[in-house]
Amino acid sequence: MPTTDFGVRYTPSTASAGTLSDITLPLEDLGIKSIRIQWVDFSGHIHGRIVPVAYFYKILQSSRPGVNIAKAALGLVFSNLTEGFSLFGEYLLTIDRSSLRLCGYAPGHASVFGFFEEKEDIGGRLDVPLCPRTNLRRILKYAEEELKVQFLVGFETEFILLKSTNPIEVVNNYGWSRMAAFRTGTPEAKVLEEIADALAKSGIELQMSHCETGLGQYEVVTGPLSPLEAADALVHTRETVYDIASKHGLHATLVPRLPLHSRGNGAHTHISVHPTSGTSPPSQTHPSLLTTHEAHFLAGLMAHLPSITAFMLPLPQSYARMQDGISAGGTWVCWGSDHREVPVRLTNPRSPHSRNFEIKSVDGTASPYLALAGLLSAGIVGISDRLALEVEGCTERGAAKMSPEERAAKGITKRFPLDVESARRYLLEDRKIGNVIGEDMVEKYVAVNRVSQPGVLVDRAVC
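Residues numbered from 1 in each chain as written. Predicted model: local features only at pLDDT ≥ 70, side-chain atom pairs only at ≥ 80, totals over all residues. Heavy atoms only, no water.

**Student:** Can you walk me through the side chain of His304 in this structure?
**Tutor:** When you line up the elements, His304 lands in helix α5 (residues 292-312). A polar side-chain atom of His304 sits 2.7 Å from a polar atom in the side chain of Asp430. Contact partners of His304, with chain neighbours within four places excluded, come to Ala378, Val381, Asp430, Lys432 and Ile433. (Helix = DSSP H or I, 4+ residues; strand = E, 2+ residues; numbered from the N terminus. Polar contact = N/O pair within 3.5 Å; in protein donor to acceptor, adjacent residues only side chain to side chain. Contact = heavy atoms within 4.5 Å.)

Here's what the structure looks like:
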């Protein structure tokens, strides 16, 4: 009898980040001349310092390897300092050697991320709770030590290649999965080929690439990693897409939805749940589809997705993509097995080896560290509180096409916030999420998000 279990199996012990953390030979032997020391601020922008490799060695030999960064770094939106942040003082951005990887998109360069720390002890600690990487690391440590569960995360990066931004002109008019979008010798084909080569050089697993439903739209799918490593890899993937497109005279945009386009760009996020102590028994409510841990995790998502939307959809323009009927997940909080019109899709539902939750309500302007902190916090609340999964999975029809009575019968009662102001309010009011992520983190993020200017979208998402 044929098995229903299929797909490539990944576990937390086998998923590899592909970094240079164990390298013993001189970095110069790999052709590296410069190191990009990077971080991502609250508004999702990538920042960094570029240092020669010789000076990088000196940094590593110091007692606390790192570089000085103004404390305002996390709260600056272009030249505007957000209320609650100060121009006084500096953090030490300490080098996370495990994140060092080649920049396949920039010959001669490698990149590394860090953790913000205080220069001196404050209350007996150096950690900066507002550091997005530190905060995500803390959440993951709590899940592993207290709940005995780990996670793997993979991303789909959707982007549109443009010949021109003013007026907007895409590279081609081909549709979903058309091989004509990869004609040999075209600029877009060269871009996709070089993106694949660059990711391989950077140690990031590229699972596949294809053209998406939007005109001139493509997608690259990267393999699962531990959440912190996956967030680092996503930032690196975005830089790869931007730089390779620019090299060929094109513009790559992750803008949530271009004017007149029928589909938008998402950053679909795949999360799998892995207990560390034995196996998780089948769910009592969905024994053929979910384990107990998966059911609790999904119940947490169903309870708190509206509250973490501000992390996943950070800009006013983000909400132009999250509409009903365009395969973006829709506006109702629900789930379904291999269903394109729900925000949470259970992929490969009867295949435990490859089963995971795909969250469609994340876009490319979101900080992956904050988006994952929100998503995992929601799932962690579900696991820690043993929430029952009371929302039934959607079958053939999505929630938007159901009558109010049909939705109520399935337990579909919540709708996403439909604009960024509502999303901020939902986040501030959810104490459960605030307790996991940290109330100060939530308040500071909302403050930064409020001063993010809608008009900077092209500068932010088109490089």
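**Student:** I tried to follow empty space enclosed by the protein on my own but got confused; where do I start?
**Tutor:** Empty pockets left among the atoms are what a rolling probe the size of a water molecule brings to light. Per the counting criterion, the structure on display carries 3 cavities of 30 Å³ or more. What the largest cavity holds in volume is close to 50 Å³. Lining the largest cavity are Trp39, Val40, Gly114, Phe116, Cys131, Pro132, Arg133 and Tyr369. Of all the secondary structure elements, the ones that give two or more residues to the lining of the largest cavity are β1 (34-40), β8 (109-122) and α2 (132-146). For the lining of the largest cavity, the per-class residue count stands at 6 nonpolar, 1 polar and 1 charged. (1 Å grid on protein atoms, 1.4 Å probe; cavity = no way out; pocket = protein on both sides within 12 Å on 5 of 7 lines; lining within 4 Å. Points joined across faces, edges and corners; volume = space filled by probe spheres on them. Nonpolar A, V, L, I, M, F, W, Y, C, P; charged D, E, K, R; others polar.)

**Student:** What should I look at first to understand a nonpolar patch on the surface in this one?
**Tutor:** On the surface, Ile23, Leu25 and Leu30 cluster together to form a nonpolar patch covering roughly 210 Å² of accessible area. The topology assignment puts Leu30 in the segment before β1. A relative accessible area of 35% places Leu30 in the partly exposed class. (Patch = residues over 30% accessible without salt bridge, like charges linked within 9 Å, V, L, I, M, F, W, Y side chains within 5 Å. Areas by Shrake-Rupley, 256 points an atom, 1.4 Å probe, with all protein chains shown as cover. Salt bridge = Lys/Arg side-chain N within 4 Å of Asp/Glu carboxyl O. Buried < 20%, exposed > 50% of the residue type's maximum accessible area, 1.4 Å probe, protein only.)

Keep in mind these values describe shape, not function.
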